[in-house]
Structure formats: C-alpha cells, structure tokens
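Reading the structure
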Amino acid sequence: MGFSFANDVATPLLDQVFVPDDLKSMDQAALCRLAQELRGETLRVVSETGGHLGSSLGVIELTVAIHASFSAPHDTIIWDVSHQCYPHKILTGRRDRMRSLRKKDGLSGFTRRGESPFDPFGAAHSSTSISAGLGFATARDLKGEDGHVVCIIGDGAMSAGMAFEAMNNAGASGRPLIVILNDNDMSISASTGALNRHLSDVRRKAGTNVGNVFENFGFDYRGPVDGHDLDVLVPLLAELRDEKDGPILLHVITRKGAGYAPAEAAEDKYHGVNPFDVTTGKQNKAEAKALSYTRVFADALIAEAETDDRIVAITAAMAAGTGVDRFGAAFPDRTFDVGIAEQHAVTFAAGLAASGMKPFCAIYSTFLQRAYDQIVHDVALQQLPVRFAIDRAGLVGADGPTHAGAFDILYLANLPGFTVMAASDEAELVHMVATAAAHDHGPIAFRYPRGEGTGVPLPIRGEVLPIGRGRIIEQGGQIALLSFGTRLADCLKARRLLALEGISVTVADARFAKPLDTALLAELVDNHSMLVTIEEGATGGFGALVLHHLANCGMLDGRCAVRTLTLPDTFIAQASPEDMYEEAKLTARHIAAAARNGLTVARPNADIRRSARAGQQELPTRLHRAEDR
Ligand SMILES: Cc1ncc(C[n+]2csc(CCOP(=O)(O)OP(=O)(O)O)c2C)c(N)n1
Ligand SMILES: CC(=O)[C@@H](O)[C@H](O)COP(=O)(O)O
Ligand SMILES: [Mg+2]
C-alpha cells in the first residue's frame, strides 16, 4: 500500500481529534485521511524531538483502527515496549505537548500511567503487555465489569520468554483478551530466532492453515492481515470486539518506518533517531568529540578476541546498541544475538563458561535487571566466569527512568564471588575489558555509561588490573573524594573548586566496588578528616559497601566523617544526562558542597586519634587537622 504525505500536509481532521471518541463519527474515507495526517504529524514532531520513529510510523493505521473500534480509556489499550506510542499519544489528547517528547518536564517517550488515563500501563521494557493485559482482564471479570483489553506486541517483543509465559497463562484462562501481534519482521535490528522463522513462514503461506504456534496456546488465531489497510482493519477489529469467547491473537503485517522513504530504506528503519530534516531524512548529529564508550568496548573486545579464541559475545537484541555488531563483523561465529531474552542470554553464557569459553554478556544495566535470578542462581552460585559488559550505567537521558542504569552496583556487588568494576573513562574501560578477559575464576562485571568518552588517549592494549586495587589520582589533605565510575571527572572539578577555598582534597578512583581496596580505604580514612564516596548508582551500592567495611573494622569511630553520594531514592524523569545529574546532586558543585558541609562537622581526624594512640609521635607534615584549616 502506497502512502502519500507531505511535510506541510493540512490536518483538518486531526484538528478535530481531542480524544479517541472523536474518531467514532468518521467514515472509512475520513479515517484513511486521518491516518495520512497522523503520519505527517508524527514525522513533523519526531523530526524536531528525535525519538523512536520507525515503530511509530509502522502503527499509524493500526492506531487509528484501534481507537476507531474501541473506546479507550474504558477499553484498556496496552502498547508493548510502547516506543511506538507517539500516534497513540497524538490521538489521546497530547498532540499539543508532543514537542516536549523525551525532554525535561515533557512527555515520556513511552506510555506512562501518571501521564494520561489513556496510558493504563507504563512500559519501555519489552514483552510485558500480555501479562499486564491478562491482569486487567482478570480484574474486569472478577469485578463483573465489561470492557475490552487489547495488547499490541511486536514480533521482537513476542520473542521474549515473558510473552510466552503470559500467552501460556492467558490461553489457558479462556478470558476474553485481544492480542495484536504487530509483525514487521524487525526488532531493533533484524529479528532473530525460530519464532521469527515461523512468522515468516506464516506470512509466506498466508491463507493456508499453516501450523500455528499461537493456536496451540489456546488463542483463536486470526490473520495475517495487512496492518496498513484500514478497510480491512476497522471492520475486522469491530468483529473481534464483539466476540467475547476467549483470547484472540490477531496477526497483522506492517512495515517499520512505513510511509517515510528514508526510514524504509534505512537498515534500522529509523528505530531511534536524532532530530532530522524531514525532506532529506538527514539526522542532525553533533560532531563526536570522542569515541563512545560502546565503541571503545567493542574495539577492546575485538583486540582481546584476536588472541583468545575462547572469547565470545552475546547480546539480547541490542547488537548495535552494545557494539556487539562490530564484534560480530569481526567474529561472526563467536557472536550470538539471542533476541529479547536477557534471562536466556545469561544462562546461555553460564553454559558457555562452564564449558571453558569466555562469554562476554553485553547487556544494558537496566535490561540486565530482567536476568537477576539467572545471575544469582546460574552464574554466581556456580562461580562461573561470565563476563558482564554493562553499558548504559547511570542516568541515560531521554529514555528516562525506565532505562536508567541505577541498580546494577548493588544487585551485583552483594553477590559472593562477584568482581564488580566501573570505568572512570574510556582508557580504564580498555583495561577492564582486558582484566575481564583474563579473569577466569568467577563472574566479573564492568560498567560504563551511555555516550561519548572523555577523549582521553586510549592504550594500545588493555592491561590486566590488579583485582581489588583502586588508585589515587590527586593527593591532597583534609578531604578524600573516592569515586566509583565516571563521576571521577566531576570529583576533579570539585577538587579545584575546594582548592579555591583553601581546602585540600585527595581524589581517588576506586575502580572496584568488589572486592573493595581496603588498604586504600584505611589510608584515606587515616589521613583525612572527611571521606566522600561518589557513584552513579542507587543507595545500597558502592558507598554502602564502604560504610559496611569501615564500620565493621571500627574505622567509623570518630576518626573520619564519611558521606556517600549516590543517585537519590527517586526515579528521575527524562532530561539531558547533565540535567538529570544536576537533579541527582552528583555534579562537581554538589560534590564540593557535600565535602565542604561535611568538613564543618568533621570530628578530630585520624592523625590526632592516631597520635594519641601512638604516644604523641610527630605528625607527618602532609596531614592536616580539621581545625588547622
Ligand atoms: C527487556 C528489554 N530488552 C531490550 C529492549 C530494547 N528494545 C526496545 S524496542 C526493541 C525491539 C522491539 O521489537 P518489536 O517488538 O518487534 O517492535 P518494533 O520496534 O519492531 O515495532 C528492543 C530490543 C527493551 N526495551 N526491553
Ligand atoms: C526502546 C528501547 O528500549 C531502545 O530503543 C532504547 O531506547 C535504546 O537505548 P539507546 O538509545 O541508549 O541505545
Ligand atoms: Mg518488530
């Protein structure tokens, strides 16, 4: 089906839509026109804001048909991942706010309960829609209410185990539930796996009753139908709406990026884009000042793999985002994209490690959360040397709280036998890849943030770091700033700010949250009035481990004041990473303020205590007392 749109298409019908019920008065021809206007509006918005364009363009007609056939919010419409929800947001009263999409104080790039009654369930992590939908359907039935529950899930999202857990349960429940499988034969990259092959088979043999995996789950399978043809979709959805016999799966075939030639022609179908020129499709990309951490990771792993054929790389449908695609270009036989299946990815890696391979599991911090039991039960308990390359550590910006890498420090460093590292810059990342490659006696993880590095020169080859050893970057006196991760740069800025006030500061890079560098901790506590730990993680991580250690060694008994700077105990809404770290109070000025304020209440420092213990020995000149400043 061809689409025509112009950037300046008039929107007389869209101008009349404030809530989905405004579609009820439109005939087929008007709905087709509305879809055209909606496609143009979606393009105009995303050309200004950036975001997830391809998937949104692929569901323009489906979104119109759903909102023409059902009555949200009385009917529950749940979008899986919901990166494709921009047309839905435009039709549900948020058109006027769409240019705030993914910005500070703006609309979320995903569905969010607090944002609109038309968003009954938040998303962004994949494959949750059917589980949530069954929850809504079950509550509806228990309360004796009516209303339809419609879940729209992509072929990529359908590849996750959680989706099949939900299908298994929903199919057996017999409850009326409509699952629309939006099959565009794409994930972020090309879809992988046997399900994808099955769906290709079904698409190819459309009309024949090819053995259908979904019917075996107790769903009434319908389709496949053209997901861009409103003349098919609207009457069909009305028909399904009026059937209430049980769960139905409608298989629709769409095209990711549909209706916009630059997107349709792109390999990734413009899955995630920067602001762009609508007429040419050219994205506005700022000149990179340094390689991204992702790129540095990929190249470092390739360098290690060139001399170690036991190294393999695993991604869970994020080949480009993790840089595993670069590794795959170099070592196609040693690269595995398991689909959106983080749980499987981790235990698959455990099996590889148990067989003597060196698996690098490259998974964003936030998505790794999905595989926690596998990390504990299959990797840590068996002390298997799985290497976790944890990208998107810390705050990630426009994707907001659903994608924040906030918890991996605490959820990994509390596991016995785990080694947990954080790179303070991209040179350190190269060393940590080498260290992980050499670490064969237990699980090891290294974390690094989204985006560009600092531009520091990269080592020719990574060096294996001494496990559990940090390093002092700048030696000072009264205050010690101990950083875990890339806040090190802000600590060095804070040191300069404090120096202007005559406050002398030591800055150290912990490198390891586990095992802790206890010798470094003792040195810092003994020789400073104030120790501040800083990490791009939630409370309960690195700082907590430092406090545990100091407390249990009796090193908190008045020798040195300790403060731990972490992400706050809140979910921080999307903004630029800089604005998010400002809100998290983890910038240089906040670090300086915490140190300064702490110093005003610091009790007599270790050197005084120590001299009392050691019988008034001469104090080393470089040590300073709080009251000397
Ligand atoms: C648990 C989890 N893992 C990975 C991702 C990253 N991710 C976002 S969208 C996507 C692909 C989804 O493919 P599909 O469901 O087919 O939707 P499409 O983009 O094709 O519309 C992936 C892997 C995620 N959101 N959640
Ligand atoms: C929707 C989704 O989960 C992914 O597209 C994610 O937004 C990618 O994040 P990055 O842009 O950091 O690779
Ligand atoms: Mg898809």
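Quick notes on the rules
- Residues numbered from 1 in each chain as written.
- Chains lettered and ligands numbered in written order.
- Predicted model: local features only at pLDDT ≥ 70, side-chain atom pairs only at ≥ 80, totals over all residues.
- Heavy atoms only, no water.
- UniProt positions renumbered as here; feature names shortened; annotations may be inferred.
- Donors = N, O, S within 2.8 Å, 3.2 Å for Na, K, Ca; no water.
- Buried < 20%, exposed > 50% of the residue type's maximum accessible area, 1.4 Å probe, protein only.
- Axes fitted to C-alpha atoms, helices over the stretch in contact; angles between N-to-C directions.
- Helix = DSSP H or I, 4+ residues; strand = E, 2+ residues; numbered from the N terminus.
- Left-handed = near helix turned anticlockwise from the far one by under 90°.
- Contact = heavy atoms within 4.5 Å.
- Nonpolar A, V, L, I, M, F, W, Y, C, P; charged D, E, K, R; others polar.
- Near = heavy atom within 4 Å.
- Polar contact = N/O pair within 3.5 Å; in protein donor to acceptor, adjacent residues only side chain to side chain.
- Areas by Shrake-Rupley, 256 points an atom, 1.4 Å probe, with all protein chains shown as cover.
- Pairing = 2+ DSSP bridges.
- Right-handed = clockwise from strand over helix to strand, strands pointing away.
- Phe/Tyr/Trp six-rings, centres within 6.5 Å; stacked < 30°, edge-to-face > 60°.
- Lys NZ or Arg CZ within 6 Å of the ring centre and 35° of its normal.
- Core = buried A, V, L, I, M, F, W, Y, C linked by side-chain atoms within 4.5 Å.

As named in an unreviewed UniProt entry, the protein is 1-deoxy-D-xylulose-5-phosphate synthase, taken from Rhizobium rosettiformans. In its Sequence similarities (unreviewed entry) section, the UniProt record describing the protein reads: "Belongs to the transketolase family. DXPS subfamily."

Concerning the coordination of the magnesium ion (ligand 3)
Only Asp155 (OD), Asn184 (OD1) and Met186 (O) from the protein reach the magnesium ion (ligand 3) as donors, at distances of 2.0 to 2.2 Å. All donors to the magnesium ion (ligand 3) come from one chain, and their sequence spacing reads D-x28-N-x1-M. One exposure class covers both Asn184 and Met186, and it is buried.

As for the packing of helix H1 (residues 28-49) against helix H8 (residues 230-242)
At a minimum axis distance of 10 Å, the contact between H1 and H8 shows a crossing angle of 115 degrees. Pair H1 / H8 crosses with right-handed handedness. For the pair H1 and H8, the contacting residues are Gln28, Leu31, Cys32 and Ala35 in the first and Leu230, Asp231 and Val234 in the second. Here the contact of H1 with H8 is built from residues that sort into five nonpolar, one polar and one charged.

Some details on the UniProt feature "binding site: Mg(2+)" (unreviewed entry) in the protein
Those residues carrying the UniProt feature "binding site: Mg(2+)" (unreviewed entry) are Asp155 and Asn184 in this numbering. In terms of the greatest pairwise C-alpha distance, the residues named above, spread along 30 residues, form a tight cluster of at most 6.9 Å across. Considering the arrangement of structural elements, one finds Asp155 in the loop between strand E2 (149-154) and helix H6 (161-173). In contact with Asp155, other than residues within four places in its own chain, are Leu181, Asn182, Asp183, Asn184, Asp185, Met186, Ser191, Leu195, Asn196 and Leu199. Topologically, Asn184 is positioned in the loop between strand E3 (177-183) and helix H7 (194-204).

Concerning the site of ligand 2
For ligand 2, the full set of nearby residues is His52, His83, Phe110, Ala124, Ile188, His271, Tyr364, Phe367, Arg392, Asp399, His403 and Arg450. Here Asp399 contributes a side-chain N or O atom positioned 2.5 Å from an oxygen atom of ligand 2. Residue Arg450 places a side-chain N or O atom 2.7 Å away from an oxygen atom belonging to ligand 2. Considering ligand 2 on its own, with 360 Å² of exposed area, one finds that the protein chains cover 86% of that surface. Looking at side-chain class alone, the shell around ligand 2 contains five nonpolar, four polar and three charged residues.

A short note on the side chain of Arg222
Tracing the chain through its elements places Arg222 in strand E4 (residues 220-226). Arg222 gets classed as buried once you look at its relative accessible area, which sits at 17%. In terms of polar contacts, Arg222 uses its side chain to reach the side chain of Asp220, at 2.8 Å. Here Glu243 takes part through its side chain, which lies 2.8 Å from a polar atom of the side chain of Arg222. In this view, Arg222 contacts Glu239, Leu240, Glu243, Ile248, Leu249, Leu250 and His251; residues no more than four positions away in its chain are not counted.

Regarding the site of ligand 1
Inspection of the region around ligand 1 gives 22 residues, with His83, Ala124, Gly156, Lys256 and Glu342 positioned closest. With respect to ligand 1, the side chain of Asp155 contributes an N or O atom lying 3.1 Å from an oxygen atom. Within the backbone of Met186, an N or O atom sits 2.8 Å from an oxygen atom of ligand 1. Contact with the protein chains hides 97% of the accessible area of ligand 1, taken as 580 Å² for the molecule alone. The residue inventory of the shell around ligand 1, partitioned by class, reads nine nonpolar, nine polar and four charged.

Digging into the sheet that holds E3
The sheet built from five strands is open, its strands ordered E1-E2-E3-E5-E4 with parallel pairing. Among the strands making up the open sheet, the edge pair consists of strand E1 (76-79) and E4. Shown here is a sheet whose adjacent strand axes are inclined to one another by a mean of 20 degrees, direction ignored. Note: E3 against strand E5 (residues 247-253), seven bridges, orientation parallel. Residue Ile178 lies in a different strand from E5, and its bridge partner there is Ile248. The strands touched by helix H5 (residues 129-142) within the sheet are E1, E2 and E3, with E2 carrying the most contacts at an inclination of about 175 degrees.

Comments concerning H7
Spacing of three or four residues puts side chains on the same side of an α-helix, whose turn is 3.6 residues. When H7 is considered as a whole, its buried residues turn out to be Leu195, Asn196, His198, Leu199, Ser200, Asp201 and Val202. Buried positions along H7 lie against H6, E3, E4 and E5.

Quick look at the pairing of strand E16 (residues 530-535)
Of all six residues that make up E16, six are buried, and the element is covered over most of its length. Residue alternation in E16 divides its side chains into two sets, Met530, Val532 and Ile534 and Leu531, Thr533 and Glu535, and both sets are buried. With five bridges joining them, E16 and strand E17 (residues 561-565) adopt parallel strand pairing. In the sheet register, Thr533 faces E17, and the bridge partner there is Thr564. Following the chain from E16 across helix H20 (residues 542-552) to the adjacent parallel E17, one finds a crossover that is right-handed.

Considerations on the packing of aromatic side chains
Across all of its chains, the model carries 17 aromatic pairs by this definition. Aromatic rings pair up to connect Phe297, Phe360, Phe446 and Tyr448 into one cluster. The cationic tip of Arg334 hangs over the ring face of Phe331; the distance from NZ or CZ to the ring centre is 4.4 Å.

Considerations on the nonpolar core
By size, the foremost hydrophobic cluster in this structure holds 55 residues, and its most contacted members are Leu34, Leu53, Val64, Ile66, Ile180 and Tyr260. With eight residues, the top contributor of residues to this core is H1. Of all hydrophobic cores here, the second largest spans 49 residues; its members include Met318, Ala510, Leu520 and Leu550.

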